Amino acid sequence: MTNVSLTEIKKSYGAVPLFENLNLEIASGEFVVFVGPSGSGKSTLLRMIAGLESVTDGVIEIDGEDVTYEEPSDRGIAMVFQNYALYPHMDVYGNIAFNLRLAKISKDEIHTRVMEAARILRLEDLLKRSPAQLSGGQRQRVAIGRAIVRKPKVFLFDEPLSNLDAALRTQMRLEIETLHREIGATMIYVTHDQTEAMTLADRIVALDYGEIQQVGTPDELYNTPSNTFVAGFIGSPKANFLKGLVQSATENTAIVHVDGAASGAIEVKAENLKPGDHVQLGVRPEEFNLSLGALDESLVLMGHVETADRLGNITYAYVNAGLADLITVQTFQNRKIKAGEEVTLSVAQNRIDVFNPDGIRCSPAKT
Ligand code: ADP
Ligand code: MG
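About the cut-offs
Residues numbered from 1 in each chain as written. Chains lettered and ligands numbered in written order. Predicted model: local features only at pLDDT ≥ 70, side-chain atom pairs only at ≥ 80, totals over all residues. Heavy atoms only, no water. Helix = DSSP H or I, 4+ residues; strand = E, 2+ residues; numbered from the N terminus. Buried < 20%, exposed > 50% of the residue type's maximum accessible area, 1.4 Å probe, protein only. 1 Å grid on protein atoms, 1.4 Å probe; cavity = no way out; pocket = protein on both sides within 12 Å on 5 of 7 lines; lining within 4 Å. Points joined across faces, edges and corners; volume = space filled by probe spheres on them. Nonpolar A, V, L, I, M, F, W, Y, C, P; charged D, E, K, R; others polar. Pairing = 2+ DSSP bridges. Axes fitted to C-alpha atoms, helices over the stretch in contact; angles between N-to-C directions. Contact = heavy atoms within 4.5 Å. Right-handed = clockwise from strand over helix to strand, strands pointing away.

Here's the deal with the environment of Ile 60
Examined against the element boundaries, Ile 60 turns out to sit in strand β4 (residues 57-62). Since its relative accessible area comes to 1%, Ile 60 is described here as buried.

Some remarks on the layout of surface pockets
In this structure, the largest pocket occupies an estimated 550 Å³ of space. Lining the largest pocket are 26 residues; nearest its centre among them are Ile 77, Ala 78, Met 79, Asn 99 and Arg 150. At the level of secondary structure, the elements contributing two or more residues to the lining of the largest pocket comprise β6 (77-80), α2 (92-102) and α4 (136-148). The leading source of residues in the lining of the largest pocket is β6, at four residues. Residue composition of the lining of the largest pocket, by class: 17 nonpolar, four polar and five charged.

Concerning the sheet that holds strand β14 (residues 278-283)
Ordered by their spatial adjacency, five strands build an open sheet running β13-β12-β11-β14-β20, and the pairing between neighbours is antiparallel. With partners counted over all chains shown, the strands left at the sheet margins are β13 (265-269) and β20 (353-355), one partner each. Taken over all neighbouring pairs, the strand axes of this sheet differ in orientation by 40 degrees on average, direction set aside. Two strands pair when backbone bridges link them, and strand β11 (residues 240-249) and strand β12 (residues 253-258) are joined in this way by five bridges, in the antiparallel orientation. Residue pairing in the sheet places Ala 249 in a bridge with Ala 254 of β12.

Some remarks on the sheet that holds strand β7 (residues 154-158)
Taken in spatial order, the six strands of this open sheet run β6-β7-β8-β3-β9-β10, and their pairing is mixed. Of all strands in the sheet, those with a lone pairing partner are β6 and β10 (211-216), marking the two edges. Across the sheet, the mean angle separating the axes of adjacent strands is 15 degrees when strand polarity is ignored. Bridge analysis of strand β3 (residues 31-35) against strand β8 (residues 186-191) gives five bridges, and the strand direction is parallel. Counted as the bridge partner of Phe 34 is Val 190 from β8. Along the sheet, helix α5 (residues 166-183) makes contact with β3, β7 and β8, crossing β8 at roughly 160 degrees.

Concerning the environment of Leu 299
For Leu 299, the location among the structural elements is in strand β16 (residues 299-310). On a C-alpha basis, the gap between Leu 299 and Val 258 in space is 8.3 Å, while along the polypeptide they are 41 residues apart. Apart from the residues within four sequence positions on either side, Leu 299 is in contact with Leu 242, Val 258, Ala 261, Ser 263, Ile 266, Leu 281, Leu 345, Ser 346, Val 347 and Ile 352.

Concerning the pairing of β8
For β8, the buried fraction is high: six of the six residues fall into the buried class. Going residue by residue along β8, you find Thr 186, Ile 188 and Val 190 tucked away on one face and Met 187, Tyr 189 and Thr 191 tucked away on the opposite face as well. With five bridges connecting them, β7 and β8 associate as parallel partners. By the bridge assignment, Val 154 is partnered in β8 with Thr 186. For the crossover that starts at β7, traverses α5 and ends in the parallel β8, the hand is right-handed.

Read these as geometric descriptors, not functional statements.
Written out as structure tokens, the structure reads:
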């Protein structure tokens, strides 16, 4: 069942258009993450769903009801922000109960709901504390508790973990996942952090300045990015992009000369290219084989290791192959790669994404 539906949404700030025609359907119980760089419109989109920002045109429906012009309080949503916005003079219990008291809900019902939220969020022992006596993660849990007790149809999160340190962020991410599993509500979560998007989302909506670039599962965006924006944004460290020039092409293959490649021209699967097209080849760091005997049909690059980052389980080698950018290669710790070492990199054609001159993927899903 569709829970949130955005139809032909337009949004301008003054004369400056941000969204020109945005369509999106979110199913009941889904965890959807809006991800994109700062300024791409994630918060604006979320705030339009919340009713905190007006739409210039288009329709927003929640649970089958047109809420485009409804007040935030009438939309059945609850929002959690980056800055927790807790009331400093109230204790945890008071903060969680606050909106319910305003809504004139009975004391017993408030107590039941607050205790249930406190149980889910493991705040039971902290109910008498004031916000000043809490850690950042605990404060954010209180802010989430305040949302839970309202029993919203949709939870909206705007970068809720950005103020926390890395370790706490990981822990809170797991807690939000658990929360979603436990209460099963629809959640829409905004972040600029692709790791959060990859780990939390049922589906990711990748945004670049007011335009949806791709909607899909984390695996789909990682393995089959629809354009160079998604290929470059999702995945850490970033994918490598090699420049290529199409020498000849059929309907679904192309012979591409790749800048800096020792292998010369290679054949790739790609649609609708023509001789003379400048293409980009996307290769993820883990797709390169380092120093192994190159296969005939592979793309081969030679170079030397500039630096090697050992992370314990894996090592990233940054290889200078005479190109503008160093090539990032993921390899295993037991291969003792050292700076200065001469290496050969190879990758099979069927592990390469090909992007046409407009940056749009033109190769089939990798096999
Ligand atoms: P994000 O959350 O992805 O960082 P925002 O939705 O906050 O992006 O902003 C998207 C764009 O809209 C930015 O270019 C921003 O400058 C612009 N914008 C946001 N709010 C306003 C506003 N109140 N007035 C004018 N421009 C705004
Ligand atoms: Mg924002």
